[in-house]
Amino acid sequence: MAAMLSKFRIDFSDVIVITDITKKPSESTRNYFDGLIKNFVKNEDGQDARITESEMIALRDKTNRHMRLREQLLLHSKTSNLIVMTLPMPRKGTVSAPLYMAWLELLTANMPPFLLVRGNQTSVLTFYS
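Residues numbered from 1 in each chain as written. Predicted model: local features only at pLDDT ≥ 70, side-chain atom pairs only at ≥ 80, totals over all residues. Heavy atoms only, no water.

Visitor: Whenever I open this one, helix α5 (residues 97–108) confuses me. Can you help?
Guide: Every α-helix winds through 3.6 residues per turn, so residues three or four apart in the chain are directed the same way. Between the first and last C-alpha of α5 there are 17 Å, a value that for 12 residues agrees with the 16 Å anticipated at 1.5 Å per step. Burial in α5 covers these residues: Pro-98, Leu-99, Tyr-100, Ala-102, Trp-103, Leu-104, Leu-106 and Leu-107. Each element contacted by the buried residues of α5 is listed here: α2 (27–37), α3 (53–58), α4 (60–77), β1 (83–86) and β2 (114–117). The first or second residue beyond α5 is Asn-110, which carries a positive phi of 55°. (Helix = DSSP H or I, 4+ residues; strand = E, 2+ residues; numbered from the N terminus. Expected span 1.5 Å × (residues − 1). Buried < 20%, exposed > 50% of the residue type's maximum accessible area, 1.4 Å probe, protein only. Contact = heavy atoms within 4.5 Å.)

Now the structure itself:
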């Protein structure tokens, strides 16, 4: 990673490889996320839910990954001037809008300025050796 950043003349101070992204998120992060989605899940009076229980079960691993990513961002990037990150892309028909927006809020809330970048799977950096 450091060699690639140097080739493109991107200044950096440290490269930290995160290997435990699949670890379970902390209870406080889980509680924060549950607070974000509480108004969008099915409640006791039987109203239609925007985030269904089956959706939460199907996307549990992805949701946990976003929660762990928030923890790592808080740990390593809280004092940054700018955070640039690839925009998590939802698959049409697999994730509801409220859940997707909760993921984005989870990642960006109470953080330094954030730039979420979306590509079209085409390389935009050209390197000539």
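Visitor: I tried to follow unusual backbone geometry on my own but got confused; where do I start?
Guide: With the exception of glycine, the majority of residues adopt a negative phi angle, and the majority of peptide bonds are in the trans configuration. In this model, Asn-110 sits at a positive phi of 55°, which is unusual for a non-glycine residue. Mapped onto the elements of the fold, Asn-110 is located in the loop between α5 and β2.

Visitor: Please explain α4 as it appears in this structure.
Guide: In this model, α4 (18 residues) spans 25 Å end to end at C-alpha, consistent with the 26 Å of a helix rising 1.5 Å per residue. Buried positions along α4 lie against α2, β1, α5 and β2.

Visitor: What is the right way to read a nonpolar patch on the surface from this model?
Guide: On the surface, a nonpolar cluster with roughly 340 Å² of combined accessible area is contributed by Leu-82, Val-84, Leu-115 and Val-117. Within the secondary structure, Val-117 is located in strand β2. For Val-117, a relative accessible area of 40% corresponds to the partly exposed category. (Patch = residues over 30% accessible without salt bridge, like charges linked within 9 Å, V, L, I, M, F, W, Y side chains within 5 Å. Areas by Shrake-Rupley, 256 points an atom, 1.4 Å probe, with all protein chains shown as cover. Salt bridge = Lys/Arg side-chain N within 4 Å of Asp/Glu carboxyl O.)

Visitor: What exactly am I supposed to notice about the environment of Met-56 here?
Guide: As for its placement among the helices and strands, Met-56 is situated in helix α3. Spatially, the C-alpha atom of Met-56 lies 8.6 Å from that of Leu-99, the residues being 43 residues apart in sequence.

Visitor: Got a minute to help me understand the packing of α4 against α5 in this structure?
Guide: The axes of two packed helices give the description: the angle between them and the distance between them. Between α4 and α5, the least distance of the axes is 9 Å, while the angle of their chain directions is 15°. Judged by the inter-axis angle, α4 sits roughly parallel to α5. Crossing of α4 over α5 shows right-handed handedness. Of the residues in α5, those touching α4 at Lys-62, Thr-63, His-66, Met-67, Leu-69, Arg-70 and Leu-73 are Leu-99, Trp-103, Leu-106 and Leu-107. Of the residues in the contact of α4 with α5, the class split is seven nonpolar, two polar and two charged. (Axes fitted to C-alpha atoms, helices over the stretch in contact; angles between N-to-C directions. Parallel < 35°, antiparallel > 145°, perpendicular 65-115°, else oblique. Left-handed = near helix turned anticlockwise from the far one by under 90°. Nonpolar A, V, L, I, M, F, W, Y, C, P; charged D, E, K, R; others polar.)

Visitor: Any chance you could explain the environment of Glu-71 here in plain terms?
Guide: By secondary structure assignment, the location of Glu-71 is in helix α4. A C-alpha to C-alpha distance of 7.5 Å links Glu-71 and Thr-29, two positions 42 residues apart in sequence. Those residues within four positions of Glu-71 in sequence are excluded, and the remaining contacts are Pro-25, Ser-26 and Thr-29.

Visitor: I keep staring at the confidence of the model for the chain and nothing clicks. Help me out?
Guide: Segments scoring low in pLDDT should not have their predicted coordinates read at a detailed level. Of the residues in the chain, 85% have a pLDDT of 70 or more, and the chain-wide mean is 84. By mean pLDDT, the top-scoring element of the chain is α2 (95), and the lowest-scoring one is helix α1 (residues 2–7) (75). (pLDDT = per-residue confidence, 0-100.)

Visitor: When you look at the nonpolar core in this model, what are you seeing that I'm missing?
Guide: Across soluble globular proteins, nonpolar side chains show a tendency to be buried alongside one another. Of all hydrophobic cores here, the largest spans 14 residues; its most connected members are Phe-33, Ile-37, Met-56, Val-95, Leu-99, Tyr-100 and Trp-103. Those elements that provide at least two residues to this core are α2 and α5. When neighbours within four sequence positions are excluded, Met-56 is seen to be in contact with Phe-33, Ile-37, Ile-51 and Leu-99. Counting residues in each nonpolar core, the second largest holds five residues, with Leu-73, Met-85, Leu-107 and Met-111 among its members. (Core = buried A, V, L, I, M, F, W, Y, C linked by side-chain atoms within 4.5 Å.)

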